[in-house]
Amino acid sequence: MEACGAGQDTETILAITPKDNEAFYREVDEELRRDQLKTHWQRYGKLGIAGVVLLLAAIAGFFWWQNQKEMESAKRGADLISAFEDIAARNKAAATPKLDSLAKSDSPGYRAAALLTKADMAIEANDIAGAVASFKAVADGKDLAAPYRDLATVRMTALEFDKLPPRTVIDRLRPLAVAGNPWFGSAGEMSALAHLKLNQPKDAARLFAAMAKDQKVPESIRTRAGQMAGSLGVDQGQTAPAPAPAP
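Residues numbered from 1 in each chain as written. Predicted model: local features only at pLDDT ≥ 70, side-chain atom pairs only at ≥ 80, totals over all residues. Heavy atoms only, no water.

Colleague: What is the right way to read helix H3 (residues 108-124) from this model?
Modeller: Three or four residues apart is the spacing at which side chains of an α-helix point the same way, because the helix has 3.6 residues per turn. Across its 17 residues, H3 extends 24 Å between first and last C-alpha, which sits within 8% of the 24 Å expected from 1.5 Å per residue. Among all positions in H3, only Arg111, Ala112, Ala113, Ala114, Leu115, Leu116, Thr117, Ala119, Met121 and Ala122 are buried. Residue Asn126 follows H3 closely and has a positive phi angle near 60°. (Helix = DSSP H or I, 4+ residues; strand = E, 2+ residues; numbered from the N terminus. Expected span 1.5 Å × (residues − 1). Buried < 20%, exposed > 50% of the residue type's maximum accessible area, 1.4 Å probe, protein only.)

See below:
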């Protein structure tokens with residue numbers, strides 16, 4: 001009977017073992033997962049916190065930098081307006097240090113405005129060398145917008161025209177002395193006069209004729225150009241020659 005009972009107990013145990021095994025395996029698996037999570041947290045948790053802290057610090061730093069840039073821009077704008085007000089009030093002594101500071105700014109627009117204003121002030125003070133230096137700083141500013149650089153190039157050349165070799169005038173103004181360019185009138189007129197100095201009347205006459213024909217050129221320049229073209233024997237219907245490659 002005992003043997004029979006033992007056999008029955010064994011059969012009973014064998015009958016329930018798979019279910020117990022499944023529960024046991026599940027419990028072991030859950031325990032293993034808890035251990036893995038604990039291990040991962042111990043290994044990577046601190047790094048994750050550090051990463052989050054660094055990310056938040058980077059975001060905060062970006063907003064601080066952006067705010068600083070906006071504050072600096074607002075200050076530069078206020079300084080430029082204040083300098084203009086000083087100039088209007090004939091208080092150039094007060095305007096000069098503000099313009100000097102803006103002329104060194106890392107903001108291209110404010111730097112160009114300050115340098116051009118300094119050049120005008122120098123012209124008014126009959127300081128041609130100072131004006132040329134300010135215009136040259138704008139003309140050579142690779143980070144400045146083309147309209148600023150072109151304006152500075154034309155005005156600098158006009159100030160230096162009588163002292164520059166004619167060929168230098170032609171070469172410097174070559175990109176601007178073409179029909180359709182906003183500075184065609186001023187640049188074309190100086191280029192044509194430089195051609196006359198080099199005894200190249202045909203090139204000068206064709207430029208004059210093209211300027212007289214271009215309705216975008218200021219009327220005063222068109223009138224002078226038409227008269228010059230006629231005096232050189234060139235019909236105003238002719239166009240300017242294509243710019244020759246720079247030597």
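Picking up where we left off.
Colleague: Is there a simple way to explain the pattern of salt bridges in this structure?
Modeller: If charged atoms from side chains of opposite charge come close, those side chains can pair. The final tally for this structure, using the stated rule, is 12 salt bridges. Residues Arg167 and Asp171 are paired through a salt bridge, measuring 3.9 Å at the closest nitrogen-oxygen approach. With a gap of 4 residues between them, Arg167 and Asp171 both fall in helix H6 (residues 166-173), about one helical turn apart. In this structure Arg167 comes out as partly exposed when scored by relative accessible area, which is 34%. Classification of Asp171 by relative accessible area gives partly exposed; the value is 27%. One salt bridge connects Asp203 with Arg206, and the closest N-O pair in it is separated by 2.7 Å. With Asp203 and Arg206 both in helix H8 (residues 201-213) and 3 residues apart, the pair spans about one turn of that helix. Residue classification places Asp203 among the partly exposed positions, given a relative accessible area of 24%. The network of salt bridges with shared partners includes Arg90, Lys92 and Glu124. (Salt bridge = Lys/Arg side-chain N within 4 Å of Asp/Glu carboxyl O.)

Colleague: Is there a simple way to explain the confidence of the model for the protein chain in this structure?
Modeller: One rule of thumb: low pLDDT means the predicted coordinates there are not for detailed reading. Confidence in the prediction for the protein chain averages 79 pLDDT; 65% of positions are at 70 or higher. Within the protein chain, the element-level pLDDT minimum falls on helix H1 (residues 2-88), averaging 60, and the maximum on H6, averaging 96. (pLDDT = per-residue confidence, 0-100.)

Colleague: Could you clarify how one ought to interpret H6 in this entry?
Modeller: Pro166, Val169, Ile170 and Leu173 are the residues of H6 that are buried. Taken down its axis, H6 places every buried residue within 95° of arc, on the same side. Those residues of H6 that are buried are in contact with helix H5 (146-160) and helix H7 (184-197). (Arc of directions from axis to C-beta. Contact = heavy atoms within 4.5 Å.)

Colleague: I'm lost on the packing of helix H2 (residues 92-102) against H3 in this one. Help?
Modeller: The contact between H2 and H3 brings their axes to 8 Å, and the two run at 140°. What the angle tells us is that H2 and H3 run oblique. For the crossing formed where H2 meets H3, the hand is left-handed. The segment H2 lies against H3, with Lys92, Thr96, Leu99, Asp100 and Leu102 engaging Tyr110, Arg111, Ala114, Thr117, Lys118, Met121 and Glu124. Considering only residue class, the contact of H2 with H3 consists of 5 nonpolar, 2 polar and 5 charged. (Axes fitted to C-alpha atoms, helices over the stretch in contact; angles between N-to-C directions. Parallel < 35°, antiparallel > 145°, perpendicular 65-115°, else oblique. Left-handed = near helix turned anticlockwise from the far one by under 90°. Nonpolar A, V, L, I, M, F, W, Y, C, P; charged D, E, K, R; others polar.)

Colleague: So what exactly am I meant to see when it comes to the packing of H7 against helix H9 (residues 219-231) here?
Modeller: If you want to describe how two helices pack, look at the angle between their axes and the distance between the axes. The N-to-C vectors of H7 and H9 enclose an angle of 25°; their axes lie 10 Å apart at closest approach. On the basis of their axis angle, the class for H7 and H9 is roughly parallel. Crossing of H7 against H9: the hand is left-handed. Residues Gly185, Ser186, Glu189 and Leu196 of H7 form the contact with H9, whose own contacting residues are Ile221, Arg224 and Met228. Partitioning the contact of H7 with H9 into residue classes produces 3 nonpolar, 2 polar and 2 charged.

Colleague: What am I meant to see in the environment of Tyr110 here?
Modeller: Residue placement: Tyr110 occurs in helix H3. Residues Tyr110 and Asp79 lie 31 residues apart in sequence; the distance between their C-alpha atoms is 9.8 Å.

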